[in-house]
Structures are given as C-alpha cells and as structure tokens.
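Letter by letter, the chains look like this.
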Amino acid sequence: MRTLTLLAALFLSSPFAHAQPAASADAPALKFEVYSIGAGDMESTLEAVQLFVGDEGQVTPDAVNQRLLVATTPERHAQIAALMQKLFVPARNVMIEVAFDSVGSQDSFGASVSASGEWTTGINGNAIFRPHLASQSSTMSSSEKQMLLVSSGREATLRVGETVPYLQWFIEYGIYGGWTMPQLAWQEVGSFLLVQPTVIGDGPLIRIKLTPEISGMVNGRPEHVRFTSVATEVVAQNGQSVAIGGLDQHKDFYSRFLIGTSRDGSAHSINIRLTPRIQDPAPLPAR
C-alpha cells in the first residue's frame, strides 16, 4: 500500500498527470525508474542521486524495500545508472585469521609426605616428620587459531574469553562512567571483540575497527555493554599480521579486557594477532 501511494504521488507530481499542453511544451519529458540500492546506505545514496536529478525531477526514497523512485529526464537517468554501477560494486570478502596467544603463571604451594623434611621427637617420644613446605611458580603458554569470513564494511563477533575477571570494573566503566554502583547479578558473561574490516579502495590496505563488548544475562534477560569510547582502528596490508595486545591506545582498558581465566582459576594475558586477506570474487562461468 505504501509503495502504491509513493508511485501515485510521483505520477501526480509529474507533467504527465496534467493536461497542460502549453506548459509541457517547454518542460523536459520525464521518465520514471526504480533503482534498488541493496545493502547500501539510503541517506548517502539519496543525497547523491538528488544532485543528478536537480529541480527538474523528483526522488522519493522507499526505505522499506531499499530503493529509490526517480522521475527525471532520460539523460539524467543515464547519469544515475552510471553512478549506481560505481556505488554498488559487490563488497569484497575479507578472510581474517585470528591467533590467540596466551601466557600466564600458576603458583602452587603445599607439602607432601614425599617432600624433603626432617624427623623430630614429640612430647610422648613419638617420631614426627616435619616436611619442608615448597612453593613453585610455573609459566604456561598456549596458542589457538580461528577463521573469520567477513564482507568488507560488515561486522563479525570474536569471542575473547568465557569469563571476565574485571567484570565490575567494566560495568562501572561502560554504564556508570566510573561511578561505583551496586553489583548486578550477571551470569554467563563473556567478553567479545566486534571486528569490522573495510577494504580501502581496491586494496591492498585494509582498515580494521575493533569494538570491545561484554555480553551476558541479568535476571534472565540478555544484556550487552558495548565500549564504543575505546573502539580502535588499525590499518594492515593484505596478509599482514597485527597484534592487538600491543596497542598503546587505551592501554589501561585493554590490559584488563585481554585477560582470560582457565578452569583452575589462573589468569592469562591474551595477545590477539589478526591477519586479514582480501578474497577475490570467483570468476563467472564462461557462457
């Protein structure tokens, strides 16, 4: 119904809807066309097309169906068609190899009967073995990889950790602006990075935007905290690795965010390496 109303409005506003031979003799003949913009941005596309149409015709946006209804001269339509071909080149895909390198330490403290020690004599003459208490610290490291396939300009979600050691700090940082507030009963909380690669021109440079996010459940409903204020961008060459853990920008935030916790409670600092590669579209089959 809305589309028919828009079509009727265009028709009524065009010279064809009025029998005024004297006025239409000097007015340019208008032609009606529909232009689909697919997944393109409606606002910027509408602005560009209006520059071509000028005051001679009319452009009506159909946001529901992502298209523009245009009435203008055939010459202007030819220019708009050429513009649309340049604007809506299919987005290139970017394959991102994600490598997680975690390094942490684990402290152990205890004693066992096999430990070194000494025998002493108790009050009742019983022999007592007093073991020497031993403590040790071990360093652990691990590495794993994931693959993300993302269309240029779109987002993919990368899970950083299944637990969030500094949860209350992040909640106060993201929601309350640093003010201490009562702790909410968050459950099933995980930390994520939203990864948005954009191919610059025809490549080989790729701009990667990274936005941290905390996601979980509060009182049975899903909650998300997106930290747009500390979102960061890096530019990498096609096939070049970029280490996220080494970013100096917002270092105080990321030093807490890039922390993982294993099942035994030991903490690990996580370094994430992103290696983006532009995927060329497959050639069309020969006819």
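Scroll up for the structure.
Residues numbered from 1 in each chain as written. Predicted model: local features only at pLDDT ≥ 70, side-chain atom pairs only at ≥ 80, totals over all residues. Heavy atoms only, no water.

## Describing the pairing of strand β2 (residues 58–62)
As defined by bridge partners, β2 adjoins strand β3 (residues 67–72) across five bridges and the pair is classed as antiparallel. Each bridged residue has a counterpart across the sheet, and for Val59 the counterpart in β3 is Val70. (Pairing = 2+ DSSP bridges. Helix = DSSP H or I, 4+ residues; strand = E, 2+ residues; numbered from the N terminus.)

## Quick look at the side chain of Glu213
Structurally, the position occupied by Glu213 is in strand β10 (residues 205–218). By relative accessible area, which is 9% here, Glu213 ends up buried. (Buried < 20%, exposed > 50% of the residue type's maximum accessible area, 1.4 Å probe, protein only.)

## Topic: the packing of aromatic side chains
Scanning all chains against the criterion turns up nine aromatic pairs. Measuring from centroid to centroid gives 6.2 Å for Trp169 and Phe253, while their planes differ by 45°, and the two rings are tilted. Of the two residues, Trp169 is situated in helix α5 (residues 167–174) and Phe253 in helix α6 (residues 251–257); the sequence distance between them amounts to 84 residues. Feature note: the residues Trp169, Phe170, Phe227, Phe253, Tyr254 and Phe257 constitute an aromatic cluster, connected by ring pairs. Geometry around Trp169 places Arg256 over its ring, the cationic atom sitting 4.2 Å from the centre. (Phe/Tyr/Trp six-rings, centres within 6.5 Å; stacked < 30°, edge-to-face > 60°. Lys NZ or Arg CZ within 6 Å of the ring centre and 35° of its normal.)

## Details of the sheet that holds β3
In spatial order, the strands read β1-β3-β2; together these three strands make up an open sheet with antiparallel pairing. If you trace the sheet from one side to the other, it starts and ends with β1 (31–36) and β2, each paired once. Going from strand to strand, the sheet's axes swing by 15° on average, the running direction of each strand aside. Strand direction decides the pairing type here: β1 and β3, joined by six bridges, are antiparallel. Bridged to Phe32 within β3 is Ala71. Strands β2 and β3 of the sheet are contacted by helix α3 (residues 42–53), whose axis makes an angle of about 10° with β3. (Axes fitted to C-alpha atoms, helices over the stretch in contact; angles between N-to-C directions. Contact = heavy atoms within 4.5 Å.)

So far we have only geometry, and geometry alone does not tell us how the molecule works.
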